Amino acid sequence: MSEEIMSYVDGQVFGVWFLIGAALVFWMQAGFAMVEAGFSRAKNAGNILMKNLMDFCIGCVMFIIIGFGLLLGEDFLGFIGKPGFDIITNYAEFDWSNFIFNLVFCATTATIVSGAMAERTKFLSYCVYSAVISGLIYPIEAHWIWGGGWLANLGFHDFAGSCAIHMVGGIAALIGAKMVGARIGKFEKDKSGKITKVNAFPGHNIVIGALGVFILWLGWYGFNGAACTSTDQLASVFVTTTIAPSVATVACLIFTWLRYGKPDVSMCLNASLAGLVAITAGCDVTDALGAFIIGLVAGLLVCFGVWFLDYVLRIDDPVGAVAVHMINGVWGTVAVGLFATTTAPGNDTMTGLFYGGGVSLLGIQCLGVLTVAGWTSVTMICVFGVIKAIMGLRVSEEEEIEGLDVMEHGLASAYGGFSIVDMSTGTMVANENTSLGISEYESATEAARRASVPVENMAETVKNTSLDSGIYKVVIITKLSRYDKIKKALNELGVSGITVTQVTGCGIQKGAGQMYRGVEMDLTLLPKIKLEVVVSKIPVESVIETAKKTLYTGKIGDGKIFVYPVSKVVKIRTGEENYEALQDVE
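Residues numbered from 1 in each chain as written. Predicted model: local features only at pLDDT ≥ 70, side-chain atom pairs only at ≥ 80, totals over all residues. Heavy atoms only, no water.

Attention shifts here to the overall build of the protein. The helix and strand inventory of the protein stands at 19 helices and 11 strands. By residue count, 50% of the 586 residues in the protein fall in the buried class. Counting only contacts in the protein whose residues sit at least 6 apart along the sequence, the fraction spanning at least 24 positions is 79%. Of the accessible surface of the protein, which amounts to about 26100 Å², a share of 63% is contributed by carbon and sulfur atoms. (Helix = DSSP H or I, 4+ residues; strand = E, 2+ residues; numbered from the N terminus. Buried < 20%, exposed > 50% of the residue type's maximum accessible area, 1.4 Å probe, protein only. Contact = heavy atoms within 4.5 Å. Areas by Shrake-Rupley, 256 points an atom, 1.4 Å probe, with all protein chains shown as cover.)

Shown next as structure tokens:
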């Protein structure tokens, strides 16, 4: 009797955990929205949030109408489930838990595509896509794997969806991004049409992107663990779900540090997700060592995938969805055939190649990947092709440049009250007419010195006239990093007061070469400082020469100096004017 009671209690506890897991997976929609919005430009943030919201809402409607039946209805020839309306006609005996659990997974599949097609896709066209993948494409292939279909009968294993969800969403993202085309300015072409350069469009809010990754990681414990049926199995799944993304992130950190000179923040965030995707299929049948190796490979694969899309396939994926979900969905599914072990709680039958199980399981996993990939590729090419032919996939050039928030939704900005400007396009580049100078001030010619730190002396126009008060304002604009040096040099010259303002400046900076996701960025608006000095006793020529010598590096961007005549100075506190007004510091 006590065993029966404990079995009943366990069933009830894990039934509740099953629903809590579904809620965690639903919460992952917020994570996807934050990652995609943060990795994109501010002018499209509202559009991205709207697409993530509609993925779930449209998916729910389609799941009620047809999707749930195709996935878990009575099996027909191992290919599809029998559609039905039991949720409407027989609600009292309906499987409520399975409906909500599979619905949140379906929404996850659909929303993967949003990021890859971000910033240039028509909202209506995206909604149509979302309805089709939620109602037809995902439920059918998921039936093969989880609904008693032919892959399940072969012994194919995908515990939580590396193949059924992430690979499918990633393939759809690849096809969609290819068919909609790259964002304006992503790839520069020569006169013959050959791509000569890849431009980086940095995400407008990496903080939001990082928050999204942490939300997704938390949700993944429900994503991978919700279907567990024992405490030991659940604990083991939590362990593997923690190890793989952690190792993947460290691997990406080291790789980007060595490859690009600095650890790439956005790539490491992608790597965390890549590790989670890769462990999803085999989280219940792998041990710690297997999870470690799966994560290690995933961290390197995501770096390769982002590079491969940019430089080989020439496909614009703003958030790395293809590298994270498609490539690592394939890897994670195949890895089950390599690393499955019976030492994992709840696994008594599956053994991978590296644990002495031979190639049988590996072959089944590869077969599953190929058939699901084939189904997804054919159907998604048809879906996007029909949408493109009937209503078009892409917004107009004007709409893309203005931003989808205002053009598609009438939303002036997703950040009301804040002034946010897109600074990632319209770059200036060095050419044969650009003088970049040399680095030593003493060795440079007078012409090079003038070119590096040019002086605009407006005071010359009034010198030795009745308008010349002998008082001059010197304005120096230079790099933020030179502030301490110029301040010290002016102080040693005898200047006792300066006014400093932080500004941004546009121009060419030699060797700017910072990397974002493996692509060199053209920094167009750079942080600068503007120093203003008013002098009378100190010769203005001394101030100019001191500033030039201090700021000179021979590179474009050293700074500029402007000199203006001052007709009158009044000290408010004492009423003193001109020379006397400058003799002490407020």
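Still to come is the rest of the account.
This part takes up the confidence of the model for the protein. Summary statistics for the protein give a mean pLDDT of 88 and a share of 86% for residues scoring 70 or more. In the model of the protein, helix H16 (residues 446-452) stands out as the element of lowest mean pLDDT, 61, in contrast to helix H12 (residues 321-339), which has the highest, 98. This model gives residues 433-437 a pLDDT under 50, and the stretch forms nine contacts once residues within four places in sequence are excluded. (pLDDT = per-residue confidence, 0-100.)

What follows deals with the pairing of strand E4 (residues 195-198). Judged from the three bridges that link them, strand E3 (residues 187-189) and E4 form a sheet pairing that is antiparallel. In the strand pairing of E4, Phe187 is matched with Val198. The antiparallel pairing of E3 with E4 creates a hairpin that spans five residues between the two strands, and Gly193 there sits at a positive phi of about 95 degrees. (Pairing = 2+ DSSP bridges.)

What follows concerns helix H7 (residues 162-180). Relative to the 27 Å expected for 19 residues at 1.5 Å per residue, H7 spans 25 Å between its end C-alpha atoms, a close match to the ideal helical length. Of all 19 residues making up H7, 17 are buried, and the element is well covered by its neighbours. Of the residues flanking the end of H7, it is Gly181, one or two places downstream, whose phi is positive at about 90 degrees. (Expected span 1.5 Å × (residues − 1).)

A word on the nonpolar core. Counting 110 residues, the largest nonpolar core has Tyr129 and Met380 as its most contacted members. Looking at this core, the element that brings in the most residues is H7, giving 12 residues. The residues touching Met380, leaving out its near neighbours within four places in the chain, are Tyr129, Ile133, Ile137, Ala172 and Ile175. Among the nonpolar cores identified, the runner-up in size contains 18 residues, and Tyr472, Ile476, Ile529 and Val535 belong to it. (Core = buried A, V, L, I, M, F, W, Y, C linked by side-chain atoms within 4.5 Å.)

The next subject is the pattern of salt bridges. Under the counting rule described, the total for this entry stands at eight salt bridges. Note that Glu532 is salt-bridged to Lys473, the shortest N-O span being 3.5 Å. You can see Glu532 sitting in strand E10 (residues 525-535) and its partner Lys473 sitting in strand E6 (residues 472-479), a full 59 residues away along the chain. Between Lys571 and Glu576 there is a salt bridge, with its nearest N and O atoms 3.8 Å apart. By relative accessible area, which is 5% here, Lys571 ends up buried. In the salt-bridge network here, residues are joined through shared partners; they are Arg41, Glu119, Arg183 and Asp316. (Salt bridge = Lys/Arg side-chain N within 4 Å of Asp/Glu carboxyl O.)

Our focus in this paragraph is the packing of helix H4 (residues 96-116) against helix H5 (residues 123-146). Axis separation between H4 and H5 bottoms out at 10 Å; the angle between their running directions is 135 degrees. The orientation of H4 with respect to H5, classified from their angle, is oblique. For H4 against H5, the interelement crossing comes out right-handed. Residues Asn102, Phe105, Cys106, Thr109, Ala110, Thr111, Val113 and Ser114 of H4 form the contact with H5, whose own contacting residues are Tyr126, Tyr129, Ser130, Ile133, Ser134 and Tyr138. Classifying every residue of the contact of H4 with H5 gives eight nonpolar, six polar and no charged. (Axes fitted to C-alpha atoms, helices over the stretch in contact; angles between N-to-C directions. Parallel < 35°, antiparallel > 145°, perpendicular 65-115°, else oblique. Left-handed = near helix turned anticlockwise from the far one by under 90°. Nonpolar A, V, L, I, M, F, W, Y, C, P; charged D, E, K, R; others polar.)

What follows is about unusual backbone geometry. Phi is positive for Leu77, which is not a glycine, with a value near 60 degrees. Turning to its location among the elements, Leu77 is positioned in the loop between strand E1 (75-76) and strand E2 (80-81). Given a relative accessible area of 74%, Leu77 falls into the exposed group. The backbone of Arg314 sits at a positive phi, close to 60 degrees, despite the residue not being glycine. Topologically, Arg314 is positioned in the loop between helix H11 (288-313) and H12.

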